[in-house]
Amino acid sequence: MPAKQVTAEQRPAGQMTAEQRAARQRAIAQGPATHGSARQRNPRGQGARLRDDIIEAASRLLANPAAPPLTLRAVAREAGVAATSVYLHFADIQALILAVAERRFSELVRLQEAARDGSADLCQQLRAGCLAYCEFGLAHQGQYQVMFASPLPMPADMPPEQFPGLVPFRRLIDGVAACIGAEPTDEQAFFTALLIWQQLHGIVSLRISRPRFPWPPLAETVAEAVDRLLAGARRQ
């Protein structure tokens, strides 16, 4: 069978040139297309499309970390619809913010899967997924803040298996388990994945809050942090 074609966006960070890394970062940074001044009415029965448009409008407004607090009326203006149309799909602003977070978590999972797909080495896949996490956070700072830096407005009765962000964290646990020779249910795999997540969040948060600090290259920083934590877990 012919070898699988690997694009620059999919190639692991360690095998990419500086130009290819920059191209992948530009691709990650591309946000949703901007809306027009007026929105055409959806055909009957396409309410799901309107809901998607509202979520994307809210996501655009949340893209700026310094933006004012989100309101349903502001989202309606951004989406080009009447405020009543927003209330048909979201009872309050908290429900809409949660929907935005869930949508962006799905996007993060897709980006991480694309980054991992370029290598057969399981530990390199883990590093690539971790780098994609950091690149996503730095490219979408306002939305990252909604996802990770601010309390998510989750219903009190929401079970843990439905928490936003659980899918990428479970995949992080699976990747760690594969690298340290453990089962995904092993406590060491969970704890090491937790340490890696904390480290990645620190990398993103500090680079956002201290952009003028002379940080070392992102790919090298992420790979070194992940490798050191994996090495410590293997010695346990």
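Since the model is a prediction, treat every value here as computed from it, not as a measurement.

Basis of the calculations
- Residues numbered from 1 in each chain as written.
- Predicted model: local features only at pLDDT ≥ 70, side-chain atom pairs only at ≥ 80, totals over all residues.
- Heavy atoms only, no water.
- Helix = DSSP H or I, 4+ residues; strand = E, 2+ residues; numbered from the N terminus.
- Contact = heavy atoms within 4.5 Å.
- Areas by Shrake-Rupley, 256 points an atom, 1.4 Å probe, with all protein chains shown as cover.
- Core = buried A, V, L, I, M, F, W, Y, C linked by side-chain atoms within 4.5 Å.
- Buried < 20%, exposed > 50% of the residue type's maximum accessible area, 1.4 Å probe, protein only.
- Salt bridge = Lys/Arg side-chain N within 4 Å of Asp/Glu carboxyl O.
- Polar contact = N/O pair within 3.5 Å; in protein donor to acceptor, adjacent residues only side chain to side chain.
- Expected span 1.5 Å × (residues − 1).
- Axes fitted to C-alpha atoms, helices over the stretch in contact; angles between N-to-C directions.
- Parallel < 35°, antiparallel > 145°, perpendicular 65-115°, else oblique.
- Left-handed = near helix turned anticlockwise from the far one by under 90°.
- Phe/Tyr/Trp six-rings, centres within 6.5 Å; stacked < 30°, edge-to-face > 60°.

Draft legend 1. Molecular detail of the overall build of the protein. The helix and strand inventory of the protein stands at 10 helices and zero strands. When the elements of the protein are put in sequence order from the N terminus, they spell out α-α-α-α-α-α-α-α-α-α. Across the protein, every contact between residues at least 6 apart in sequence was considered, and the portion connecting residues at least 24 apart equals 67%. Carbon and sulfur atoms provide 54% of the accessible area of the protein, an area that totals close to 13500 Å².

Draft legend 2. Representation of the nonpolar core. Membership of the largest hydrophobic core comes to 53 residues, with the highest contact counts inside it found for Leu96 and Val222. Setting aside residues no more than four positions away along its own chain, Val222 makes contact with Arg127, Cys130, Leu131, Cys134, Leu200 and Ile203.

Draft legend 3. A look at the environment of Ser205. Position of Ser205 relative to the elements: it lies in helix H9 (residues 187-209). We classify Ser205 as partly exposed; its relative accessible area is 29%. Here the alpha-carbon distance between Ser205 and Cys134, two residues 71 residues apart in the chain, equals 9.4 Å.

Draft legend 4. Looking closely at the pattern of salt bridges. Scanning the entire structure with this criterion turns up nine salt bridges. For Arg104, the salt bridge goes to Glu107, with nearest N and O atoms at 2.6 Å. Of the two residues, Arg104 and Glu107 are both situated in helix H5 (residues 93-116); the distance of three residues between them amounts to about one turn of the helix. The class for Arg104 is buried, based on a relative accessible area of 5%. The salt bridge involving Glu224 is made with Arg228; its shortest N-O contact spans 2.7 Å. Residue Glu224 and its partner Arg228 are located together in helix H10 (residues 218-234), separated by four residues, close to a single helical turn.

Draft legend 5. Geometry of the environment of Thr221. Of note, Thr221 is situated in helix H10. Ignoring anything within four residues of it in the chain, the contact list for Thr221 reads Ile203, Arg207 and Pro216. Side-chain polar atoms of Thr221 contact the side chain of Arg207, separated by 3.3 Å.

Draft legend 6. Geometry of H5. The end-to-end C-alpha separation of H5 is 35 Å, in line with the 34 Å expected for 24 residues at 1.5 Å each. Between the side-chain oxygen of the N-cap and the backbone nitrogen of Gln94 there are 3.3 Å, and the N-cap of H5 in question is Asp92.

Draft legend 7. Structural view of the packing of H5 against helix H6 (residues 122-139). Between H5 and H6, the least distance of the axes is 8 Å, while the angle of their chain directions is 140°. Taken together, the axes of H5 and H6 lie oblique to each other. Here H5 runs over H6; the crossing is right-handed. Taking contact as the criterion, the partners of Arg104, Glu107, Leu108, Leu111, Gln112, Ala115 and Arg116 in H5 are, on H6, Gln125, Ala128, Gly129, Ala132, Tyr133 and Phe136.

Draft legend 8. Structural context of the side chain of Ser59. By the element assignment, Ser59 lies in helix H2 (residues 47-61). Its relative accessible area of 0% is what places Ser59 among the buried residues. Not counting residues up to four positions away in its chain, the partners in contact with Ser59 are Val100, Arg104 and Gln143.

Draft legend 9. Structural detail: the packing of aromatic side chains. Taken as a whole and assessed by the stated rule, the structure comprises eight aromatic pairs. Taken together through their ring pairs, the aromatic side chains of Phe105, Tyr133, Tyr144, Phe148, Phe169, Phe190 and Trp197 make up a single cluster.

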